[in-house]
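Architecture at a glance
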Amino acid sequence: MTIPQEQFDDLLSRTALAALFYYPEIAVDEDGPNLQNDIAYCLEPVAAIANEDAERLRVAIGRVITNPTAHRSELLALVIELAPSSDA
């Protein structure tokens with residue numbers, strides 16, 4: 001299944017928002033706000049993506065949320081790889 005570019009754009013917007021509000025003190029296993037919930041929220045627009053690609057995105061999104069400067073290019077490259085080309 002091909003996921004439209006707009007949905008990947010939504011994923012990037014959600015990831016940027018999650019990174020903006022990220023606090024390292026938020027634990028991964030707490031009830032309430034946590035990194036895993038933020039990653040799941042970011043992945044919602046591309047929920048129909050293949051499991052292998054979803055896992056790659058999950059890792060990249062987690063890295064971007066916790067350290068955007070170091071990892072944003074990795075996520076952008078992955079989105080470019082997975083998103084349909086505009087020439088199609």
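Per chain, residue numbering runs from 1 following the sequence as it is written. Given that the model is predicted, a residue must reach a pLDDT of at least 70 before its local features are reported, and side-chain atom pairs must reach 80 or more before they are shown or counted; all residues, however, enter totals for whole chains, interfaces and linings. Heavy atoms throughout the structure, all of them, feed into the side-chain values; hydrogens and water do not.

Some thoughts on the overall build of the protein
We count a stretch as a helix when DSSP gives it H or I for four or more residues in a row; a strand needs E for two or more, and each element gets its number in order from the N terminus. Counting its regular elements, the protein contains four helices and zero strands. Considering the protein as a whole, with its 88 residues, one finds that 33% of them fall into the buried category. Between two residues, a contact is recorded if the distance between any of their heavy atoms is within 4.5 Å. By sequence separation, contacts in the protein at least 24 residues apart represent 62% of the contacts at least 6 residues apart. With the model as given, the accessible surface of the protein reaches about 5,600 Å², and the carbon-plus-sulfur share is 53%. Exposure is judged per residue with a 1.4 Å probe applied to protein chains only, and the accessible area is read against the type maximum: over 50% gives exposed, under 20% gives buried, and values in between give partly exposed. Only the protein chains shown count as cover for residues, and the accessible areas themselves come from Shrake-Rupley with a 1.4 Å probe.

Considerations on the nonpolar core
Throughout, nonpolar core names a set of buried Ala, Val, Leu, Ile, Met, Phe, Trp, Tyr and Cys residues whose side chains join them through atoms within 4.5 Å. Judged by nonpolar contacts, the single largest core of 22 residues is most densely connected at Phe-8, Leu-11, Leu-57, Ile-61, Ile-65 and Leu-75. For this core, the elements supplying multiple residues, two or more each, are α1 (5-20), α2 (35-43), α3 (51-66) and α4 (68-82). If one sorts the elements of this core by residue count, α3 sits on top with six residues. Not counting residues up to four positions away in its chain, the partners in contact with Leu-75 are Leu-11, Leu-12, Thr-15, Leu-57, Ala-60, Ile-61 and Val-64.

Considering a nonpolar patch on the surface
Patch definition: residues above 30% relative accessible area lacking any salt bridge, with like charges linked at up to 9 Å and the nonpolar side chains Val, Leu, Ile, Met, Phe, Trp and Tyr linked at up to 5 Å. A side-chain nitrogen of Lys or Arg and a carboxyl oxygen of Asp or Glu constitute a salt bridge if their distance falls within 4 Å. On the surface, a cluster of nonpolar side chains totalling about 430 Å² of accessible area is made up of Leu-17, Leu-20, Phe-21 and Tyr-41. Counting through the fold element by element, Leu-17 comes out in helix α1.

Quick notes on the environment of Ile-65
Note that Ile-65 resides in helix α3. Separated by 50 residues in the primary sequence, Ile-65 and Thr-15 have C-alpha atoms spaced 6.5 Å apart. Aside from chain neighbours lying at most four places away, what touches Ile-65 is Thr-15, Ala-18, Ala-19, Tyr-22, Leu-35, Asp-38, Ile-39 and Cys-42.

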